[in-house]
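What follows is each chain in one-letter form.
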Amino acid sequence: AAEFHGHPSRRMAVVGITGTNGKTTTAYLLHAMFEAAGIRCGLLGTVKYRIGDREIEATRTTPEAPELQGLMQEMVSAGCGACVMEVSSHALALRRADGIRFAAAIFTNLTRDHLDFHCGMEEYFAAKRRLFDLLPDEAPAVINADDPRGPALAESVRRPLTYGINKAADVMPGPLTFRLSGLDFDVRMPQGVVRVRSKLVGRPNVYNILAAAGTAAASGVPLEAIERGLEGLPGVPGRFELASRPSDDVTVVVDYGHTDDALRNLLGAARPMACRRLITVY
């Protein structure tokens, strides 16, 4: 499929994101950062596929190889200099992404999911780490140091770039405060300090922002563009999405979280912001 379409991944910077939770939000963040830097960016993920100004309803998180390479070729034809894509464990196990030349890869975390397909957590993690086997020597591997699997993965790659909140890492946040209005903190990384003003809320989104900012900076995106991209992103569909107005008596949040870890993170983010009862409709 890659040969048929002329190896489009060799003509733009492709960033692959894998992990149980956080892939979609991290992809949207990176997309916004590339666009803010004046780099037209394609997007492939759970919610939608985006090629220039055109949006296509997503059929699966990572398409089959012929469709995937075809979409990337359309991105190149549309003038995209970058592509951000979610890479699912199914896609890695079934080798859909093998023909892609990745410019960077991100590991967000690993929690229980898809065990109807993978025979246990070790096989699930082995599928995820295949993304890093596909990386060229010079490509950064951006890894969550706070995840139990992160340190071992960082030791196995050629160019690790770690991020985290609790453990020492290359990319870390300044003091954190959490509000329904959004996040406001500093990101400290080798290239300098980025001031975060984001409409995203909750601790999990701090991790997503750290991953995206670290990857963008390592990919040569100016720090000012990273800040503009963060500030300009209004939110991500189905990810702690506010469905109510500030004037309403009840605050309603819609979230796609469907694993135990995602639901725990969702409730952990919402509880400090709830002045009264927190009601969950699952």
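Residues numbered from 1 in each chain as written. Predicted model: local features only at pLDDT ≥ 70, side-chain atom pairs only at ≥ 80, totals over all residues. Heavy atoms only, no water.

Novice: What exactly am I supposed to notice about the side chain of Asn-208 here?
Specialist: Among the secondary structure elements, Asn-208 is positioned in helix H6 (residues 203-218). Residue classification places Asn-208 among the buried residues on the basis of a relative accessible area of 8%. A distance of 3.0 Å separates the side chain of Asn-208 from the side chain of Asn-205, its partner in a polar contact. (Helix = DSSP H or I, 4+ residues; strand = E, 2+ residues; numbered from the N terminus. Buried < 20%, exposed > 50% of the residue type's maximum accessible area, 1.4 Å probe, protein only. Polar contact = N/O pair within 3.5 Å; in protein donor to acceptor, adjacent residues only side chain to side chain.)

Novice: Got a minute to help me understand the packing of helix H1 (residues 23-36) against H6 in this structure?
Specialist: Between two packed helices, both the angle of their axes relative to each other and the distance between the axes serve to describe the pair. Between H1 and H6, whose axes approach to 9 Å, the crossing angle comes to 40°. The orientation of H1 relative to H6 falls into the category oblique. Along this stretch, H1 crosses H6, giving a crossing that reads as right-handed. Here H1 contributes Thr-25, Thr-26, Leu-29, Leu-30 and Met-33 to the contact with H6, which in turn contributes Asn-205, Asn-208, Ile-209, Ala-211, Ala-212, Ala-213, Thr-215 and Ala-216. Taken together, the residues that form the contact of H1 with H6 break down as eight nonpolar, five polar and no charged. (Axes fitted to C-alpha atoms, helices over the stretch in contact; angles between N-to-C directions. Parallel < 35°, antiparallel > 145°, perpendicular 65-115°, else oblique. Left-handed = near helix turned anticlockwise from the far one by under 90°. Contact = heavy atoms within 4.5 Å. Nonpolar A, V, L, I, M, F, W, Y, C, P; charged D, E, K, R; others polar.)

Novice: Whenever I open this one, the sheet that holds strand E4 (residues 54-57) confuses me. Can you help?
Specialist: The strands making up a sheet associate through backbone hydrogen bonding, with each pair oriented either parallel or antiparallel. Spatial ordering of the open sheet is given by E4-E3-E2-E5-E1-E6-E7-E8, a layout of eight strands whose pairing is mixed. Edge positions in the open sheet fall to E4 and strand E8 (160-163), since each of these has one partner strand only. In this sheet, adjacent strand axes meet at a mean angle of 15° when their direction is disregarded. For strand E2 (residues 41-44) and strand E3 (residues 48-51), the ladder comprises two bridges, and the chain directions are antiparallel. Across the sheet, Leu-43 pairs through a bridge with Arg-50, a residue of E3. Sheet contacts for H6: strand E1 (13-18), strand E6 (104-107), strand E7 (141-144) and E8; angle to E8, the most-contacted strand, approximately 150°. (Pairing = 2+ DSSP bridges.)

Novice: Which parts of the structure should I look at to understand unusual backbone geometry?
Specialist: When glycine is set aside, most residues are seen to have a negative phi, and most peptide bonds are trans. In this structure, His-7 is a non-glycine residue whose phi angle is positive, near 50°. Checked against the element boundaries, His-7 lands in the segment before E1. Of note, the phi angle at Arg-95 is positive, near 65°, even though the residue is not glycine. With respect to the helices, strands and loops of the structure, Arg-95 is situated in the loop between helix H3 (89-93) and E6.

Novice: Can you walk me through the pairing of E6 in this structure?
Specialist: The side chains of a regular strand alternate between both faces of the sheet. Side chains Ala-104 and Ile-106 project from E6 onto one buried face, and the interleaved Ala-105 and Phe-107 project onto a second face that is buried too. Judged from the four bridges that link them, E1 and E6 form a sheet pairing that is parallel. The residue of E6 that forms the bridge with Ile-17 is Ile-106. As judged from the three bridges shared by E6 and E7, these two strands associate in the parallel manner. Looking across to E7, one finds that Ala-105 is bridged to Ala-141.

Novice: Would you take a moment to explain the confidence of the model for the protein chain for this structure?
Specialist: Low-pLDDT stretches of the model should not have their predicted coordinates read in fine detail. Within the protein chain, residue pLDDT values average 90, and 96% of them lie at 70 or more. For the protein chain, strand E10 (residues 178-179) is the element with the lowest average pLDDT, namely 78, and E8 is the one with the highest, namely 98. (pLDDT = per-residue confidence, 0-100.)

Novice: Got a minute to help me understand the nonpolar core in this structure?
Specialist: Soluble globular proteins: nonpolar side chains tend toward being buried together. Judged by nonpolar contacts, the single largest core of 43 residues is most densely connected at Leu-30, Val-187, Met-189 and Ile-226. No other element matches the nine residues that H6 contributes to this core. Other than its neighbours up to four places away in sequence, Ile-226 contacts Met-33, Met-189, Val-194, Ala-213, Ala-216, Ala-217 and Val-221. (Core = buried A, V, L, I, M, F, W, Y, C linked by side-chain atoms within 4.5 Å.)

Novice: In this structure, what is going on with the side chain of Glu-86? I would like to understand it.
Specialist: Following the sequence through the fold, Glu-86 ends up in strand E5 (residues 82-86). An unpaired buried charge is present at Glu-86: no salt bridge exists, and Lys-23, the closest side chain of opposite charge, is 4.7 Å distant. Filtering out sequence-adjacent residues up to four positions away, Glu-86 remains in contact with Ile-17, Lys-23, Thr-24, Ala-27, Leu-44, Gly-45, Thr-46, Thr-61 and Thr-62. (Lys, Arg positive; Asp, Glu negative; His and termini not counted. Salt bridge = Lys/Arg side-chain N within 4 Å of Asp/Glu carboxyl O.)

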